[in-house]
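Structural characterization, general
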Amino acid sequence: MQALVDTIIAFVQENERLAIPVAFLVAFGESFCFFSVVWPGTAILVGIAALLAASGISSSIVVPAILAASLGGALGYAFSYWIGYYFKDSIENVWPFRKNPELINKGELFFQKYGALSVFFGHFFGPIRAVIPVVAGMFAMRQIPFQIANIISALIWAAGVIAPAFFLVTFKDDVFAFLLNNEVLVAAALFLLAVALAIPHSMVFWPTLALFVGLGFLHLHVGGGFWPLWLAATGGAIVGDIAAYSIGETRRDDLLSLRFLNGGAEAVGNARDKIKEQGALAILGSKLGSISRSLVPMMAGAVSLNRATFSLASIFSSMLWAAVLLAPHGIMEILGL
């Protein structure tokens, strides 16, 4: 995939005038159900935007590029909708759904839970991007709400991918200077992001994780200190664990009613089993997971795991987690490299 990304970016570098149609095609592939699972469209668009900025091209190209990408993304979703609508009885026999039947099941659950909002959020999350418009077609969702959610979210997605990459490269000296001169603000932001990562929902977890890693990397890249960021991230993760434990403790009888809980009864049951089988060791290992990382401390509260034991496990795992996510620049600084 990396070779494909490099090839397309190199092509745009040699044929700058074709950047707009390429952005359209890349975004279409990212949103079309048969390509979306394997097509690295977001990475390609980020690379194209950064390349254009580095070439010194006028910022006037940003709006046309965003419009082209949003049109491609919206059309990819629209085509996927009609495929789901016309082939709903046999869609599970078609690749990629034939090899990944769980995609349809997860898409149906997500669609039934969020309705038109699932179409809006679908553009932003890789695991469900390929299947949401197909499921919307299978359920014969009304065209007007589907297209409104589709077009608006495609525009926001395209702007969120292209504009930051372009302007970060264009104004990188100013951005880097701000990060370097405002270490307290960066540390505070990482603290809040680390706390937010305790919310067990994919629509919160993945964007928050991307912001956390990206902000930490940029700050360390420009020469910022590792220790303030590490302490802030560790503190935020500990606070998030404590909050999750408290919610589990006070809402143990109706956890599934929490609107921000992702994964349903199965995910809650798995987290509960981990706590019962592994005790505090489950807290240590939870940071290696994704969304389930916050379910485990929540279940620790629900089953009344010893609070002191939980706190020690949380502190140790948070310290290690923060160090790993702030690598490699932080590790290089510690070693004096």
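Each chain carries its own residue numbering, running from 1 in the written order of its sequence. Local features in this predicted model are restricted to residues whose pLDDT is 70 or higher, and side-chain atom pairs enter the listing and the counts only when it is 80 or higher, whereas totals over whole chains, interfaces and linings include all residues. The side-chain numbers reported here are obtained from all heavy atoms of the structure, hydrogens and water having been left aside.

Our focus in this paragraph is a nonpolar patch on the surface. Like-charged residues are merged into a patch within 9 Å and nonpolar side chains (Val, Leu, Ile, Met, Phe, Trp, Tyr) within 5 Å, provided each residue has over 30% relative accessible area and no salt bridge. Per-residue and other accessible areas were derived by the Shrake-Rupley procedure at a 1.4 Å probe size, with only the shown protein chains allowed to occlude residues. By definition here, a salt bridge exists when the distance from a side-chain nitrogen of Lys or Arg to a carboxyl oxygen of Asp or Glu is within 4 Å. Together, L281, L284, F316, L320 and V324 make up a nonpolar patch on the protein surface, roughly 490 Å² of accessible area in all. The helix and strand labels rest on DSSP assignments: H or I over at least four residues marks a helix, E over at least two residues marks a strand, and numbering proceeds from the N terminus. It is helix α18 (residues 307–325) that contributes the most residues to the nonpolar patch, three residues altogether. Note on exposure labels: buried denotes an accessible area under 20% of the residue type's maximum, exposed denotes more than 50%, and partly exposed covers the range between, all computed with a 1.4 Å probe on protein chains only. Its relative accessible area of 57% is what places L281 among the exposed residues.

Scanning the entire structure with this criterion turns up two salt bridges. Across the pair K287 and D241 runs a salt bridge, and its minimum N-O distance is 2.6 Å. Of the two residues, K287 is situated in the loop between α16 (280–286) and α17 (295–302) and D241 in helix α14 (residues 226–250); the sequence distance between them amounts to 46 residues. For the pair formed by K287 and D241, the shared burial category is buried. With a shortest N-O distance of 2.7 Å, R307 and E249 are connected by a salt bridge. Here the residue R307 occupies a position in helix α18, and E249 occupies one in helix α14, the gap between them amounting to 58 residues. Overall, the relative accessible area of 41% leaves R307 in the partly exposed class. Among the residues examined, E249 registers a relative accessible area of 27% and is labelled partly exposed.

Two kinds of site are reported from a 1 Å grid over the protein atoms alone, namely cavities, where a 1.4 Å probe fits but cannot get out, and pockets, open sets with protein on both sides within 12 Å along at least five of seven lines, and residues are called lining when an atom falls within 4 Å of a point. Grid points are joined across faces, edges and corners, and a volume is the space filled by probe spheres set on the points. Using the criterion set out here, one finds one cavity of 30 Å³ or more in the structure. Each pocket or cavity is described by its volume, and for the largest cavity that value is around 70 Å³. Around the largest cavity, the lining residues are A23, L45, I48, A49, L52, I61, V62, A65, I162 and F166. At the level of elements, α4 (41–54), α5 (62–86) and α10 (143–170) are the ones that each hand at least two residues to the lining of the largest cavity. The element that contributes the greatest number of residues to the lining of the largest cavity is α4, accounting for four residues. Three classes are used: nonpolar for Ala, Val, Leu, Ile, Met, Phe, Trp, Tyr, Cys and Pro, charged for Asp, Glu, Lys and Arg, and polar for all others, with Gly counted as polar. Tallied by class, the residues present in the lining of the largest cavity amount to 10 nonpolar, no polar and no charged.

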